[in-house]
Amino acid sequence: MEQFIFSSKTKRLTYILMSFGVIALVYGIFLAVSDVDGAHHSGTRLWTNLLINGFFFMGIAASAMFFFAVNYAAESGWWVVIKRILEAVGSFLPVGSLVLFIVLFAGVAHQHHIWHWMDAEAVAADEVLRGKAPYLNWMFMAARQLIILGAWIFMWTRFRKRSLEEDLGFERNRHFKNVRDAAIFLIIFGYPISTFVPWDWIMSIDAHWFSTLFGWYVFSGLWLSSLVVTTLMVIWLKKQGYMKDVNASHIQDLGKWVFGVSFLWAYLFFSQFMLIWYSNIPEEVTYFQVRFEEYKYLYWSMFFVNFAFPMIALMDRDSKRNFRSLTVIGILIFIGHWVDTYMLITPATMKTHSTIGIVEIGLGLGFLGLFLFVVLNTLTKAPLMAKNHPFFEESVHHEIH
Amino acid sequence: MKLYGLYNDDGVLVDGAKTLVSKGIKVNEVYSPFPIHGIERIIGVRWTRIAIAGFLYGITGTTLALFGMSYFMIQDWPMIIGGKPNFAFILNVPAFIPITFEFTVLCAAHGMALTYFIRNWTLPGVKAKNPHPRTTDDHFAIELVPEDIKDYSKEDLTSLLKETGTVEVFEK
């Protein structure tokens, strides 16, 4: 059985990345405590970055689970050789959720007011927030997020447990239980990821603004990021000499997913933007106004990179089979989607006071290190190939043109 | 004059084609009612260039749509729709994107379909080129060109074809 070994060299890399994160965290806390401008901007900055990274990496883990469930529910065969990677990426879900809840309860304890509806004075002075108070109050938010994220984590442990059991011997009933659970997961994932999860954690920062497309937009970006992570992990593992059963057709299919979901993301971006631009209603355009005026170059270059790069570079069949082009584009749009998440949150919390400095980059790298550490650690716990999956042989012989 | 081997099963045809190719016989063409997986590699069909043509038709559509709308709506007869400023293309371009997209798809799809029909000469009123009427129904055919195959005589080819499990071998 092929087993992944977490080499000390790779471990060291994740430790270095995590130490960047710790340095940035300490620096961020120092800035927050000293509070030079007296307006709590540094404190908001620190919590904003924890929210960005917590949400981004939690979303990647959850979307990997979603892709796992899609393939199970559709009873597709090609993906079985990458099944363990999706499971491993999903294992970051509890850690990411924990970070989100730390940010949430720090807000409840008035350490920050990223969500200004948590500030009783602001709500008292604001008719709109008073009207939204039955939904936007911390107890209800904590309760529903606990149920949603808890249910996802619960489903992950169930899938994982059965997946490890399957290594010992195939059983018909277990497989169909997985198929049934996958269908259930699609429901308990699909509704919250397009509604409560992005609404609560991100959209409610701009408590006056709303968009019904917002959840889909956020989800498509996260899903794409998780596909990019999966693709890069497969390529990296193959470079290390693992995963002999993954052939060029699997890589091409992953490339197609990245290509296709990039279009989904760009389509949703544009659909949301164009309706707001066309109707030009004051309470709606404020969202884009702050992004276009304060973050003009970063915002548009983010859109350009995330849309045009995969479109042009991954259109050709050969480039989807080529490790180098997939790696370059993958890394670029991974950074692009991190910046997209940054753009979802920072303009709303920091307004005109944002910077990209040690705190942003350091915490981003730190979370990446933590994410890789957790994921690779899970990967060592089971053989890389789920050999007893009924479609394993089909997957090994997967061939497309 | 060409030589045809008719089969009633695509699996038998694939095996037959493999046998013929392994003996150094060039299979000129295969006729089938549906695409046979992997046959193009076995008989060595060149990679299709329809994707490149499709890309070119697509960017032609994009260019035409953007150029057309900027001429109609901005230059020739400026129109104010929804109170949007109309004195510069860049200020109106988001409104043009959906139509540009649709026109790109229209041009790419029609261009590719027409190219395919013309390239294969399967236009309305054109005489069908399949060797046997049943290759559009439930039979499959291998086409050999005996003049191009130097190593084997026509009689050899006929017997070789028969050995691969044909239901009929005929000339046309």
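What counts and how
- Residues numbered from 1 in each chain as written.
- Chains lettered and ligands numbered in written order.
- Predicted model: local features only at pLDDT ≥ 70, side-chain atom pairs only at ≥ 80, totals over all residues.
- Heavy atoms only, no water.
- Helix = DSSP H or I, 4+ residues; strand = E, 2+ residues; numbered from the N terminus.
- Rg over C-alpha atoms; globule rule 2.2 N^0.38 Å.
- Buried < 20%, exposed > 50% of the residue type's maximum accessible area, 1.4 Å probe, protein only.
- Contact = heavy atoms within 4.5 Å.
- Areas by Shrake-Rupley, 256 points an atom, 1.4 Å probe, with all protein chains shown as cover.
- Lys, Arg positive; Asp, Glu negative; His and termini not counted.
- Charge placed at Lys NZ, Arg CZ, Asp CG, Glu CD.
- Polar contact = N/O pair within 3.5 Å; in protein donor to acceptor, adjacent residues only side chain to side chain.
- Phe/Tyr/Trp six-rings, centres within 6.5 Å; stacked < 30°, edge-to-face > 60°.
- Lys NZ or Arg CZ within 6 Å of the ring centre and 35° of its normal.
- Buried area = accessible area lost by both parts, 1.4 Å probe.
- Salt bridge = Lys/Arg side-chain N within 4 Å of Asp/Glu carboxyl O.
- Nonpolar A, V, L, I, M, F, W, Y, C, P; charged D, E, K, R; others polar.
- Axes fitted to C-alpha atoms, helices over the stretch in contact; angles between N-to-C directions.
- Parallel < 35°, antiparallel > 145°, perpendicular 65-115°, else oblique.
- Left-handed = near helix turned anticlockwise from the far one by under 90°.
- Pairing = 2+ DSSP bridges.

Trainee: I'm lost on the overall build of chain B in this one. Help?
Mentor: When helices and strands are tallied, chain B shows five helices and four strands. Going residue by residue from the N terminus, the α and β elements of chain B occur as β-α-β-α-α-α-β-α-β. The C-alpha radius of gyration computed for chain B amounts to 25 Å, which surpasses the reference 16 Å derived for 172 residues by more than 25%, pointing to a less compact arrangement than a globule. Overall, chain B is about 80 × 30 × 25 Å in size when its C-alpha atoms are taken along their principal axes. Expressed as a percentage of the 172 residues in chain B, the buried residues total 35%. For chain B, the proportion of contacts with a sequence separation of at least 24, taken over those separated by at least 6, is 75%.

Trainee: Is there a simple way to think about the overall build of chain A in this case?
Mentor: Along chain A, the regular secondary structure elements total 17 helices and zero strands. Over its C-alpha atoms chain A spans a radius of gyration of 21 Å, differing by no more than 12% from the 21 Å that the globule rule assigns to 401 residues. Across its three principal directions, the C-alpha atoms of chain A cover 65 × 40 × 40 Å. Expressed as a percentage of the 401 residues in chain A, the buried residues total 56%. A separation of at least 24 residues holds for 82% of the contacts in chain A among residues at least 6 apart in sequence. Surface accessibility of chain A: about 16800 Å² in total, with carbon and sulfur atoms responsible for 68%. Chain A carries 30 positive and 29 negative side-chain charges, and their two centres are separated by 10 Å.

Trainee: Which parts of the structure should I look at to understand the side chain of Ser-204 of chain A?
Mentor: All names here are of chain A. With respect to the element layout, Ser-204 can be found in the loop between α9 (196–201) and α10 (214–239). Here Asp-200 takes part through its backbone oxygen, which lies 2.7 Å from a polar atom of the side chain of Ser-204. With sequence-adjacent residues up to four places away left out, Ser-204 is seen in contact with Trp-115, Trp-117, Leu-136 and Trp-199.

Trainee: Can you help me understand the packing of aromatic side chains in this one?
Mentor: Pairs of aromatic rings are described using the distance from one ring centre to the other and the angle between the two planes. Residues and elements named next belong to chain A. Applying the stated criterion across every chain yields a total of 69 aromatic pairs over all chains. Measuring from ring centre to ring centre gives 5.8 Å for Tyr-15 and Phe-373, while their planes differ by 35°; the resulting arrangement is tilted. Of this pair, Tyr-15 sits in helix α1 (residues 8–34) while Phe-373 is found in helix α16 (residues 358–380), placing the two residues 358 residues apart along the sequence. Of the residues examined, Tyr-15 reaches a relative accessible area of 44% and is grouped as partly exposed. Measuring from ring centre to ring centre gives 5.8 Å for Phe-292 and Tyr-299, while their planes differ by 55°; the resulting arrangement is tilted. Over the ring of Tyr-135 we find Arg-144; its NZ or CZ atom is 3.7 Å from the centre of that ring. Across from the ring centre of Tyr-287, 3.7 Å away, lies the NZ or CZ of Arg-291, which sits over that ring.

Trainee: Would you explain the interface of chain A and chain B in this entry?
Mentor: One widely used convention gives an interface's size as the accessible area the parts lose upon coming together. With 11 residues of chain A at the interface, the matching set in chain B holds 15 residues. Looking only at chain A, the three residues that lose the most surface to chain B are Trp-277, Tyr-278 and His-401 of chain A, adding up to 54% of its buried area. Remark: the boundary between chain A and chain B carries one salt bridge. Counting across the interface, chain A meets chain B through three residue pairs in polar contact (both at pLDDT 80 or more). Considering only residue class, the side of chain A that touches chain B consists of seven nonpolar, two polar and two charged.

Trainee: So what exactly am I meant to see when it comes to the packing of helix α2 (residues 41–73) of chain A against helix α15 (residues 323–350) of chain A here?
Mentor: Two packed helices can be described by the angle between their axes and the distance between those axes. All names here are of chain A. Where α2 meets α15, the closest approach of the two axes is 9 Å, and the angle between their N-to-C directions is 140°. In terms of orientation, α2 and α15 fall into the oblique class. Read as a crossing pair, α2 and α15 show a hand that is right-handed. Touching His-41, Thr-44, Arg-45, Thr-48, Leu-51, Ile-52, Asn-53, Phe-55, Phe-56, Phe-57 and Ile-60 of α2 are Phe-334, His-337, Trp-338, Thr-341, Tyr-342, Ile-345, Thr-346, Thr-349 and Met-350, all from α15. For the contact of α2 with α15, a count of residues per class yields 11 nonpolar, eight polar and one charged.

Trainee: It is not clear to me how the pairing of strand β1 (residues 3–7) of chain B should be interpreted in this structure. Could you clarify?
Mentor: A regular strand places its side chains so that they alternate between the two faces of the sheet. All names here are of chain B. With five of its five residues buried, β1 lies for the most part within the structure. As defined by bridge partners, β1 adjoins strand β3 (residues 140–144) across five bridges and the pair is classed as antiparallel. If you follow Tyr-4 over to β3, its bridge partner there is Glu-143. Of the pairings in the sheet, the one linking β1 to strand β4 (residues 168–171) comprises four bridges and is antiparallel in character. What sits directly across from Leu-6, in β4, is Glu-168.

Trainee: Whenever I open this one, the sheet that holds β3 of chain B confuses me. Can you help?
Mentor: Note on sheets: strands pair through backbone hydrogen bonds, and any given pair is parallel or antiparallel. All names here are of chain B. The sheet built from four strands is open, its strands ordered β2-β3-β1-β4 with antiparallel pairing. Two strands bound the open sheet, and with one partner strand each, they are β2 (29–31) and β4. Within the sheet, the average angular offset between the axes of one strand and its neighbour, ignoring direction, is 20°. As defined by bridge partners, β2 adjoins β3 across three bridges and the pair is classed as antiparallel. Each residue of the ladder has a partner; that of Val-30, found in β3, is Ile-142. The strands touched by helix α1 (residues 10–22) are β1, β2 and β3; relative to β3, the strand with the most contacts, the crossing angle is about 20°.

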